[in-house]
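Structural features, examined
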Amino acid sequence: MKLIIAATLAASAAAFAPSKVAQSTTSLNAFEGELGVQAPLGFYDPLGLVSDGNEAKFDRLRYVEIKHGRVAMLAVVGYLIEKAGIRLPGDISF
């Protein structure tokens, strides 16, 4: 019984020991100097959309993200203006 407890304790202690992981370089290092890269995470791409390091694809995705953000901001402003009771003159039911 003591042997089982000792083996269990040794196995659970090994689970919290630091593992030796070699630092590998990837094509994601190509975007480490870009705007928006944060210190704790670095370049964060959870879906791997630009894992190939294609800069043209990265630039297009950034452009599309900014465009969608602007459209979303306009939608919120439109909602707030309508909720405040401001309406455009005229009837929209033609």
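Before reading further, recall that the structure is shown in the block above.
On a predicted model such as this, the values are computed, not experimentally measured, just so you know. (Residues numbered from 1 in each chain as written. Predicted model: local features only at pLDDT ≥ 70, side-chain atom pairs only at ≥ 80, totals over all residues. Heavy atoms only, no water.)

The helix and strand tally for the chain stands at two helices and zero strands. A total of 94 residues make up the chain; the buried ones form 7% of that total. Counting only carbon and sulfur atoms, one obtains 66% of the accessible surface of the chain, whose full area is about 8600 Å². (Helix = DSSP H or I, 4+ residues; strand = E, 2+ residues; numbered from the N terminus. Buried < 20%, exposed > 50% of the residue type's maximum accessible area, 1.4 Å probe, protein only. Areas by Shrake-Rupley, 256 points an atom, 1.4 Å probe, with all protein chains shown as cover.)

What follows is about the pattern of salt bridges. What the rule picks out here adds up to two salt bridges. The closest approach of N and O atoms between R62 and E34, which form a salt bridge, is 3.5 Å. Here R62 is found in helix 2 (residues 55-83), whereas its partner E34 is found in the loop between helix 1 (2-15) and helix 2, with 28 residues between them in sequence. Residue E34 is classed as partly exposed on the basis of its relative accessible area, which comes to 27%. (Salt bridge = Lys/Arg side-chain N within 4 Å of Asp/Glu carboxyl O.)

This next bit is on helix 2. An ideal rise of 1.5 Å per residue puts 42 Å on 29 residues; helix 2 measures up with 42 Å between its terminal C-alpha atoms. Two to three positions downstream of the cap, the backbone nitrogen of A56 sits 3.2 Å from a side-chain oxygen, assigning the N-cap of helix 2 to N54. (Expected span 1.5 Å × (residues − 1). Polar contact = N/O pair within 3.5 Å; in protein donor to acceptor, adjacent residues only side chain to side chain.)

Looking at the secondary structure, you find D45 in the loop between helix 1 and helix 2. Notably, D45 is buried but unbridged: the nearest opposite-charge side chain belongs to K57, and the N-O separation is 8.0 Å. Separated by 3.0 Å, the side chain of D45 and the backbone nitrogen of V50 make a polar contact. (Lys, Arg positive; Asp, Glu negative; His and termini not counted.)

Now for the layout of surface pockets. Put simply, the largest pocket is a space of about 330 Å³. As for the largest pocket, its lining consists of 16 residues, of which F43, Y44, D45, F58 and E65 are closest to the centre. (1 Å grid on protein atoms, 1.4 Å probe; cavity = no way out; pocket = protein on both sides within 12 Å on 5 of 7 lines; lining within 4 Å. Points joined across faces, edges and corners; volume = space filled by probe spheres on them.)

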